[in-house]
Amino acid sequence: MTAPTRAPATATPPGAAATPAPAARGGSGAHRGRLDWRQLLAWLREDGVISAEDAMRTAKRFAAGDSAQHPLVRLGHAGLERAGGTAAGRPLDVEGLTEWLAQRCGLPYLRIDPLKVDVGRVAEVMSVNYAERRRALPIQVGLREVTIATCEPCDIDWLPEIEAHTHKAVRLVVASPPEIQKYTTEFYTLSRSVRAAVKAGEVSAAASFEQLVELGRSNKPLDAEDQGVVQVVDWLWQYAFDQRASDIHLEPRREMSVIRFRIDGVMHTVYQLPAGVMNAMIARVKLLGRMDVIERRRPLDGRIKTRNPRGEEVEMRLSTLPTAFGEKLVMRIFDPDTTVKSLDALGFGAHDARRWEELVAHPHGIVLVTGPTGSGKTTTLYATLRRLATDEVNVCTVEDPIEMIQPAFNQTQVQPAIDLNFAEGLRALMRQDPDIIMVGEVRDLATAEMAIQAALTGHLVFSTLHTNDSAQAITRLLDLGVPAYMISATVIGVMAQRLVRTLCPGCKQPDEATTRETLHGLIAPWTLAGGVRPYRPVGCLDCRMTGYRGRAGLYELMTIDEAARATIHPTPDFAALRRQAIAGGMRPLRLAGIMKVAEGLTTVDEVLRTTPGLGD
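Small disclaimer: the values here were computed from a predicted structure and weren't measured.

S.K.: Account for the sheet that holds strand β12 (residues 410-413), with residues named and values stated.
M.R.: Strand order in the open sheet made by the seven strands is β12-β11-β13-β14-β10-β15-β18, with mixed pairing throughout. Two strands in the sheet have a free side with no partner beyond their single neighbour: β12 and β18 (548-559). Geometrically, the sheet is characterised by an average inter-axis angle of 20 degrees between neighbouring strands, direction not taken into account. When strand β15 (residues 491-503) meets β18, the two strands line up antiparallel, connected through 10 bridges. Residue pairing across strands places Val500 opposite Ala552, the latter belonging to β18. Of the strands in this sheet, β11 (395-399), β12 and β13 (436-439) touch helix α15 (residues 422-429), which is tilted by about 165 degrees from β11.

Below you can see the structure in the form of structure tokens.
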């Protein structure tokens, strides 16, 4: 078996050429060998990056003693400031110094994106000892060239050795010393663990699974092969947390299985692994999630609690599914900060935040949150319930599955195997003296009837539905068989929501093409109050050249007042209900999105992609 390979990725900026030697500029091309802080200070002064006073002060300070730190790191922590240009007075940190050095040496500057590194082939280019000695790290291996990041761009005597070893031309890029050090340790450790896992995968699948289960249960010392699988899984989780992934997908394929992350709603291929390694990884995760490791013929659910690099507890929901090439596993990661976020942080505007707070302050009634899968419904409900769950009230939930464990709630898991469905769980909760009830989803008439019964007996009930907008939730309840008079008597509000990607604050630029008139044309007959500050995505290293970083919610809140109740009939006029809801203060999803565009938070394309039209 072979080591894992990655999907191709462009690590070098367009136009960068193969690099036989640093470009001669101001004496840097003449300098050969390791960098020295004295030489760097001279170049910084020569290029006008720092003042003569700063150079003299730093030289006197450094002359007092040597340091094992890389000179770029040492200078980056010296408190230097830029001397001229538009950036005059700004701190000169390690990244800034690295970028300046790359420009001076005529080499591309690179901030390493671990999702675009050929981790499986790093060790093919050079050993870890060689990489540490040369302060270099292979980034990408192509058909004719290999890209190597270095923080010693003047020390290039080793390039012919690598070219002779790989039979490929070497393309040098400059990266900061801390990144080189961090990812050298990380990538080579992972590569070593995967190689060990590949050896373990050479054993028959059944024997490998049984051995993993016994070792995990008995706490016996693991041998090198099994330890490789453990290390790969542990690293995968930490890696996903670092990359802000919301989901981890382990997908079996015919030849090489694939690991993918969902980041800001978009899927990214991370690694390709041999099938035997993927099987062992899935078995390891299932074991930790207290799932049946041997059962691979039917879907299974589980959960794991672990810690992220900041030491915070993180909940992960596990779900397996049999596919044509084996068992697929998805791990959904829940942000530990979700339940303590403010409405502003979730994306609520002042108008909808005020109306939502008034709605959830009702002592009884049904509040529905609607939207497609992955639109943030559960996040909104958890954040709301967390603020409502004071010592004076009893908050109970029935979920399938329990998304995040909350000590402030009394949470019940649906278990179809013992006939504990939503309706039965809700019926049992009615005898538990609840004040506030959350039902994971209204899926059938029995659940809807129990939710109505709870609302009629003085409870505040939250639940979710899958509809395109808030008004269609009424139609959905009617389709389930709920009488119109029961809906009008119990439902007090419906909120539809979507998630849109937000623009990266580090690279977004004003969008001159998107004018007030353009936005008004999309939301007629509404108009926008205040200034319009639309921006467009550009792309930078922080956002992986996508132009977007993070997501925010769009909300359409329909409150059911007396006028709205009058439009709820066995054969309702859908358009009349929407008109009345708008008259009552509802802002459609498309309008909410365009308001985010006007505020410079997202783009028109994102809003049009995620929201239904005003007439839909």
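S.K.: Hey, could you go over the sheet that holds strand β1 (residues 136-141) for me, with residue numbers and the actual values?
M.R.: Strand order in the open sheet made by the three strands is β1-β2-β3, with mixed pairing throughout. Here the strands that pair on one side only, and so sit at the sheet edges, are β1 and β3 (169-174). Averaged over all adjacent pairs, the angle separating strand axes in this sheet is 30 degrees, with direction ignored. Here β1 runs beside strand β2 (residues 145-150); their pairing, made up of five bridges, is antiparallel. Bridge pairing links Val141 to Val146 in β2. Across the sheet, helix α7 (residues 159-166) touches β2 and β3, and the angle it forms with β3 is around 130 degrees.

S.K.: Explain the pattern of salt bridges residue by residue, including any values.
M.R.: Under the counting rule described, the total for this entry stands at 29 salt bridges. Where Arg38 meets Asp36, a salt bridge forms, and the shortest distance between an N and an O atom there is 3.4 Å. Assessed through its relative accessible area of 46%, Arg38 is described here as partly exposed. Asp36 gets classed as partly exposed once you look at its relative accessible area, which sits at 26%.

S.K.: Could you give an account of the pairing of strand β9 (residues 326-334), with specific residues and numbers?
M.R.: The buried fraction of β9 amounts to seven of the nine residues, a majority that puts the element mostly inside the structure. As judged from the four bridges shared by strand β4 (residues 247-251) and β9, these two strands associate in the antiparallel manner. Its bridge partner being in β9, His249 is matched across the sheet by Val330. The sheet contact formed by strand β8 (residues 313-323) and β9 spans nine bridges and is antiparallel. If you follow Ser319 over to β9, its bridge partner there is Val330.

About the criteria used
- Residues numbered from 1 in each chain as written.
- Predicted model: local features only at pLDDT ≥ 70, side-chain atom pairs only at ≥ 80, totals over all residues.
- Heavy atoms only, no water.
- Pairing = 2+ DSSP bridges.
- Helix = DSSP H or I, 4+ residues; strand = E, 2+ residues; numbered from the N terminus.
- Axes fitted to C-alpha atoms, helices over the stretch in contact; angles between N-to-C directions.
- Contact = heavy atoms within 4.5 Å.
- Salt bridge = Lys/Arg side-chain N within 4 Å of Asp/Glu carboxyl O.
- Buried < 20%, exposed > 50% of the residue type's maximum accessible area, 1.4 Å probe, protein only.

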